[in-house]
Amino acid sequence: MNKTISTPDLCDEFADSISVVEPMFVNYGGRERFGGEIVTIKCFEDNSLVRTLVAEDGRGKVLVVDAGGSMRRACLGDMLAETACQNGWEGILMYGCIRDVDEIGELDLGVQALGSHPMKTEKKGIGERDVSVTFAGVTFQPGHFVYADNNGVIVSLHRLI
């Protein structure tokens with residue numbers, strides 16, 4: 001499915017039924033095009049829930065993490081990204097930072113984030129899952145769909161591809 005995703009084409013065809021995420025994300029994953037059903041996490045400098053969710057079956061899904069836009073800690077590293085890849089996740093959209101970018105770039109996993117930071121998060125078990133999160137001018141609802149490539153990120157209530 002990831003090879004057919006073109007956010008410009010989707011914008012042309014579905015302009016009235018999509019939302020376009022403000023351009024702020026960098027593509028770090030080995031899979032440059034990805035999309036799927038949204039699963040959400042809201043956390044801040046604590047990736048405990050990221051660890052939990054990437055261990056679940058992610059086929060056809062994209063993990064959207066509202067890490068509060070933190071530029072002080074990385075909520076995703078190579079080990080969690082590898083786990084996500086093994087469990088079939090299409091991709092991860094991180095409103096925050098990641099680390100181990102070279103290793104993540106080798107995985108068949110879509111990963112977009114605000115930036116990279118070498119410091120890991122604390123593990124306090126704090127956060128929420130399957131809640132609506134809003135950042136970059138868009139609200140991400142669990143069960144809606146997100147599509148991403150090097151041109152940008154879009155959100156739709158319905159599956160487009």
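The structure this text deals with has already been given above.
Keep in mind it's a predicted model, so treat the numbers as computed, not measured.

Rules and cut-offs
Residues numbered from 1 in each chain as written. Predicted model: local features only at pLDDT ≥ 70, side-chain atom pairs only at ≥ 80, totals over all residues. Heavy atoms only, no water. Salt bridge = Lys/Arg side-chain N within 4 Å of Asp/Glu carboxyl O. Helix = DSSP H or I, 4+ residues; strand = E, 2+ residues; numbered from the N terminus. Buried < 20%, exposed > 50% of the residue type's maximum accessible area, 1.4 Å probe, protein only. Polar contact = N/O pair within 3.5 Å; in protein donor to acceptor, adjacent residues only side chain to side chain. Contact = heavy atoms within 4.5 Å. Pairing = 2+ DSSP bridges. Right-handed = clockwise from strand over helix to strand, strands pointing away. Core = buried A, V, L, I, M, F, W, Y, C linked by side-chain atoms within 4.5 Å. Phe/Tyr/Trp six-rings, centres within 6.5 Å; stacked < 30°, edge-to-face > 60°.

**Student:** Help me out: how do you make sense of the pattern of salt bridges in this one?
**Tutor:** Where side chains of opposite charge bring their charged atoms close, a pairing between them can arise. In total, this model carries 10 salt bridges according to the counting rule given. The partner of Arg72 in a salt bridge is Glu45, with the nearest N and O atoms 2.7 Å apart. One end of the pair, Arg72, is in the loop between strand 4 (61-66) and helix 3 (78-86); the other, Glu45, is in the loop between strand 3 (34-42) and helix 2 (48-54), with 27 residues separating them in the sequence. The class for Glu45 is buried, based on a relative accessible area of 15%. Across the pair Asp57 and Arg59 runs a salt bridge, and its minimum N-O distance is 2.6 Å. Assessed through its relative accessible area of 40%, Asp57 is described here as partly exposed. We classify Arg59 as exposed; its relative accessible area is 63%. By sharing partners, the salt bridges in this structure join Arg31, Glu90 and Asp108 into a single network.

**Student:** Can you help me understand the side chain of Thr121 in this one?
**Tutor:** Inspection of the secondary structure assignment puts Thr121 in the loop between strand 6 (110-116) and strand 7 (128-129). A distance of 2.9 Å separates a polar atom in the side chain of Thr121 from a polar atom in the side chain of Asn47. Among all residues touching Thr121, those that are not within four sequence positions of it are Glu45, Asp46, Asn47, Arg73, Ala74 and Cys75.

**Student:** How do you make sense of the side chain of Asp66 when you look at a structure like this?
**Tutor:** As for its placement among the helices and strands, Asp66 is situated in strand 4. The exposure class of Asp66 is buried, given its relative accessible area of 4%. In contact with Asp66, not counting residues within four places along its chain, are Ile41, Lys42, Cys43, Tyr95, Val133, Thr134 and Phe135.

**Student:** When you look at the environment of Cys11 in this model, what are you seeing that I'm missing?
**Tutor:** You can see Cys11 is positioned in helix 1 (residues 7-14). Residue contacts for Cys11: discarding those within four places in its chain leaves Ile18, Val20 and Ile154.

**Student:** I tried to follow the pairing of strand 5 (residues 91-98) on my own but got confused; where do I start?
**Tutor:** Consecutive residues of a regular strand have side chains that alternate between opposite faces of the sheet. Counting buried positions over the 8 residues of strand 5 gives 8, a clear majority of the element. Judged from the 5 bridges that link them, strand 4 and strand 5 form a sheet pairing that is parallel. When the bridges of strand 5 are listed, Asp66 appears paired with Tyr95. For the segment spanning strand 4, helix 3 and strand 5, crossover handedness is right-handed.

**Student:** Help me understand the nonpolar core in this model?
**Tutor:** In a soluble, globular protein the nonpolar side chains are often hidden away together inside. Core analysis: the biggest nonpolar cluster contains 25 residues, and Leu63, Val65, Leu76, Ile92 and Met94 have the highest contact counts within it. Going through the elements one at a time, strand 3, helix 2, strand 4, helix 3, strand 5 and strand 6 are the ones with two or more residues in this core. Residue contacts for Met94: discarding those within four places in its chain leaves Phe25, Val65, Ala67, Cys75, Leu76, Gln112, Ala113 and Leu114. Of all hydrophobic cores here, the second largest spans 18 residues; its members include Ile38, Leu93, Val133 and Val138.

**Student:** Would you mind showing me how to read the packing of aromatic side chains here?
**Tutor:** Aromatic ring pairs are described here by two measures, namely the spacing of the ring centres and the angle between the planes. A complete count under the given rule lists 3 aromatic pairs for this structure. Taking 4.6 Å as the distance between ring centres and 25° as the angle between the ring planes, the aromatic pair formed by Phe135 and Phe140 counts as stacked. Of the two residues examined, Phe135 and Phe140, each falls in the buried class. Each member of the aromatic cluster is reached from another via a ring pair, and the members are Phe25, Tyr95, Phe135 and Phe140.

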